[in-house]
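Spelled out, the chains give:
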Amino acid sequence: MEPDKPVSRQLPRHVAIIMDGNGRWAKQRNQARHAGHRAGVEATRAIIEYCVCTSIPCLTLFAFSSENWQRPKHEVSLLMELFVQSLKRETDKLNSNGVCVRFIGDRSAFSARLQKQIAETEQFTQDNTTLTLNIAANYGGRWDITQAARAVAQQVESGTLSAAELTEQHLTDAMCLADLPEPDLFIRTGGEKRISNFLLWQLAYTELYFCDVLWPDFNQQYFDEAIVFYNQRERRFGMTSEQLTQVQN
Ligand code: IPE
Ligand code: IPE
Ligand code: MG
């Protein structure tokens with residue numbers, strides 16, 4: 001079935017989502033947390049397809065945070081297995097939908113098998129241009145800032161940049177997603193109102209939308225509600241409302 005077009009006009013160029021609530025979704029059904037994660041994959045698939053259909057060019061999904069290693073061993077290993085299986089199963093379909101899949105985060109902590117699958121999916125889909133899908137896995141905003149600082153420090157160490165010349169732009173350029181527009185809209189499902197170490201640098205001027213729906217229940221209609229919210233915001237970027245009206249006229 002073809003999804004409906006969203007009701008509002010202005011589409012975000014980049015949506016970043018914390019897909020939260022899988023565990024509670026399963027608990028409500030007296031099921032193991034893993035059932036929630038599996039159901040979460042289905043919701044993820046539907047939202048990716050919706051972004052493709054509605055021409056949202058860029059989507060970033062938080063799949064596993066650098067803090068999620070602290071979960072019970074069993075849950076972590078089931079999640080890792082789910083990542084491998086889902087990538088294996090979905091890569092062809094993503095590719096035929098024109099999705100370019102990229103991963104952000106420290107992948108060196110993953111098993112050789114998962115790293116291989118990630119590399120294969122990235123390579124297979126790298127020339128696609130309909131949707132850039134960034135999967136944040138073993139990602140943390142502080143890790144991202146640290147790796148960017150390290151890269152810039154290396155430039156200083158090698159003499160290609162002096163400390164006095166260092167600007168915000170040097171760090172921006174070294175952060176993950178530097179080649180993409182910054183997220184216009186952030187969505188967190190599951191009711192919590194926190195960033196949980198997601199894109200700390202990149203969300204500086206993003207519109208933040210929190211909803212109570214648990215991720216496995218999140219669908220096109222809820223996504224449209226977030227886009228309606230986005231359209232109601234006035235993005236002032238430090239200016240006054242009057243200035244914006246002048247710019248528009
Ligand atoms: C998000 O759902 C999925 C991951 C963090 C991998 P949770 O597993 O955090 O679900 P809740 O928050 O416990 O309901
Ligand atoms: C954030 O969700 C990470 C992902 C969705 C992958 P968590 O459920 O881990 O966040 P906290 O720890 O409750 O803030
Ligand atoms: Mg959670």
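Preceding block: the structure.
Definitions and limits used
- Along each chain, numbering runs from 1 in the same order as the chain's sequence is written.
- To read the labels, note that chains go from A and ligands from 1, taken in the order they are written.
- Under the rules for a predicted model, residues below a pLDDT of 70 receive no local features and side-chain atom pairs below 80 are neither given nor counted, while totals for whole chains, interfaces and linings still include all residues.
- Hydrogens and water are ignored here; the side-chain numbers use all heavy atoms of the structure.
- Each residue gets one of three labels from its accessible area relative to the maximum for its type: buried under 20%, exposed over 50%, partly exposed in between, using a 1.4 Å probe on protein chains only.
- In this description a helix means any DSSP run of H or I spanning at least four residues, a strand means any run of E spanning at least two, and both kinds are numbered starting from the N terminus.
- A pair of strands counts as paired when DSSP detects no fewer than two bridges linking them.
- Throughout, a contact is declared for two residues whenever any of their heavy atoms are within 4.5 Å.
- Think of each axis as a best-fit line through the C-alpha atoms, taken over the contacting stretch in the case of a helix, with angles from 0 to 180 degrees between the N-to-C directions.
- By nonpolar core we mean a set of buried residues, namely Ala, Val, Leu, Ile, Met, Phe, Trp, Tyr and Cys, connected to one another through side-chain atoms within 4.5 Å.
- Note on definitions. A residue lies near a molecule or strand when any single heavy atom of the residue is within 4 Å of it.
- N or O atoms within 3.5 Å of each other form a polar contact, as long as, within protein, one can give a hydrogen and the other can take it, and as long as residues adjacent in sequence are counted only when both atoms are side-chain atoms.
- Only the protein chains shown count as cover for residues, and the accessible areas themselves come from Shrake-Rupley with a 1.4 Å probe.
- Three residue categories are used. Nonpolar comprises Ala, Val, Leu, Ile, Met, Phe, Trp, Tyr, Cys and Pro, charged comprises Asp, Glu, Lys and Arg, and polar comprises the others, including Gly.

> A description of the pairing of strand E4 (residues 131-139) should follow, citing residues and the corresponding values.
Of all nine residues in E4, nine are buried; the element is thus mostly enclosed. Of the strand pairs in this sheet, strand E2 (residues 58-65) and E4 are connected by seven bridges, and their pairing is parallel. Within the sheet, the bridge partner assigned to Phe62 lies in E4 and is Ala136. Strand direction decides the pairing type here: strand E3 (residues 99-104) and E4, joined by six bridges, are parallel. Within E4, the position partnered with Phe103 by the bridge is Ile135.

> Any chance you could break down the environment of Val99 for me, citing the residues and the numbers?
Tracing the backbone shows Val99 in strand E3. Setting aside chain neighbours within four positions, we find Val99 in contact with Ile48, Val52, Leu94, Thr125, Asn128, Leu131 and Leu133.

> Describe in detail the sheet that holds strand E5 (residues 185-188), supporting the description with residues and values.
Pairing within the open sheet is parallel, and its six strands lie in the order E3-E4-E2-E1-E5-E6. Since the sheet does not close on itself, it has two edges, and those belong to E3 and strand E6 (207-210), each with one partner. When the angles between neighbouring strand axes are averaged without regard to direction, this sheet yields 20°.

> Any chance you could break down the nonpolar core for me, citing the residues and the numbers?
Counting residues in each nonpolar core, the largest one holds 42 residues, and the members touching the most others are Ile17, Leu59, Leu133, Leu185, Ile187 and Phe223. The leading source of residues in this core is helix H3 (residues 73-96), at seven residues. Leave out the neighbours within four places in its chain, and Phe223 touches Val15, Ile17, Ile47, Tyr50, Cys51, Ile56, Ile187 and Phe218.

> So what's going on with the site of ligand 2? Which residues, and what values?
Neighbouring ligand 2 are Ile18, Met19, Asp20, Phe62, Ala63, Phe64, Ser65, Asn68, Arg71, Arg188, Arg194 and Ser196. Take Asp20: an N or O atom from its side chain is 3.1 Å from an oxygen atom of ligand 2. A distance of 2.7 Å separates an oxygen atom of ligand 2 from a polar atom in the side chain of Arg194. For ligand 2, the accessible surface in isolation is 390 Å², of which the surrounding protein chains cover 79%. Counting residues per element, the shell around ligand 2 draws most heavily on E2, at four residues. Among the residues making up the shell around ligand 2, the classes are represented as five nonpolar, three polar and four charged.

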